[in-house]
Amino acid sequence: MDSDNLLGDLAVTDPKAMRALSHPVRLAILDLLRRDGPASATELAKETDASPSTISWHLRHLAGFGLVRDSEGGSDRRYRRWEVVARGFRFEAPEDPDDEEGRSAARLLSQQMFLQAGQTPARWAADVEPGLEPAWRRLAGLANTRVVLAPDELEFIQREFERVLAPFVSRDEADWPADGRRVRLLRYALPEQAELPTEAPVE
């Protein structure tokens, strides 16, 4: 496995694919398929605010960029089921300052993902946390740590997170623990703006 992609994510590099993903319904579709497995447009529509025909249109668009595919090879197209191509996806803003299209597409996708992820903790706190058993409630929560890092140090920390997570992400369902349950791990890396130099005192 790629040492820079220990979780086996699908690498999205095409700006057009990034823009295709920059839609809340499409991101919701991918999240549902990753969570629950293959589903039809009708099943996905029950979990979203979109109609089955709208979901079908979004699914075909995602399939055109290789993000989802048919989960079954049956000939009955009236009951088409879809699955994700990979457990997750990743993308990066191009470092080339002249690649305006790529940088703009990556920023748009990043913004949409932050907007959706930002709603998740509040929904969890309202809908899930009150019903958790004490052991799970004790382990849940968040950390908010501010450190001073160089770019290569932040990259090292992110790789180490993935190194620890990779065996749990990739293990087969048969190896899941009997008392296991889904746990969503949200990981933010938010570099702050460079500190402005202190203005020299006027003599």
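Residues numbered from 1 in each chain as written. Predicted model: local features only at pLDDT ≥ 70, side-chain atom pairs only at ≥ 80, totals over all residues. Heavy atoms only, no water.

**Student:** In this structure, what is going on with the pattern of salt bridges? I would like to understand it.
**Tutor:** Two side chains that carry opposite charge are able to pair once their charged atoms sit near each other. For the structure on display, the rule yields 16 salt bridges. Measuring nitrogen to oxygen at the nearest pair gives 2.7 Å for the salt bridge that ties aspartate 36 to arginine 35. The partner of arginine 163 in a salt bridge is glutamate 160, with the nearest N and O atoms 2.9 Å apart. With a gap of 3 residues between them, arginine 163 and glutamate 160 both fall in helix H7 (residues 151-170), about one helical turn apart. (Salt bridge = Lys/Arg side-chain N within 4 Å of Asp/Glu carboxyl O. Helix = DSSP H or I, 4+ residues; strand = E, 2+ residues; numbered from the N terminus.)

**Student:** What exactly am I supposed to notice about the nonpolar core here?
**Tutor:** Counting residues in each nonpolar core, the largest one holds 26 residues, and the members touching the most others are Leu21, Ile29, Leu33, Leu44, Ile55 and Leu59. Every element with two or more residues in this core is listed here: helix H1 (15-21), helix H2 (24-36), helix H3 (41-45), helix H4 (52-64), strand E4 (81-84) and helix H5 (100-127). When residues of this core are assigned to their parent elements, the largest contribution, 6 residues, is made by H2. Leaving out residues up to four positions away in the same chain, isoleucine 29 has contacts with Leu44, Ile55, His58, Leu59 and Leu62. (Core = buried A, V, L, I, M, F, W, Y, C linked by side-chain atoms within 4.5 Å. Buried < 20%, exposed > 50% of the residue type's maximum accessible area, 1.4 Å probe, protein only. Contact = heavy atoms within 4.5 Å.)

**Student:** Looking at this model, I keep getting lost on H5. Mind explaining?
**Tutor:** Residues three or four positions apart in an α-helix share a direction because the helix packs 3.6 residues into each turn. Counted at 1.5 Å a residue, the expected span for H5 with its 28 residues is 40 Å, and the 41 Å between its end C-alpha atoms agrees. Where the residues of H5 are buried, they touch H1, H2 and strand E5 (89-90). (Expected span 1.5 Å × (residues − 1).)

**Student:** Would you take a moment to explain the sheet that holds strand E2 (residues 39-40) for this structure?
**Tutor:** Two pairing modes exist for strands in a sheet, parallel and antiparallel, and in both the strands are linked by backbone hydrogen bonds. Pairing is antiparallel in the open sheet, where 3 strands are placed in the order E2-E4-E3. Both edges of this open sheet fall to E2 and strand E3 (68-70), since each of them pairs with a single strand only. With 2 bridges joining them, E2 and E4 adopt antiparallel strand pairing. Each bridged residue has a counterpart across the sheet, and for serine 40 the counterpart in E4 is arginine 81. (Pairing = 2+ DSSP bridges.)

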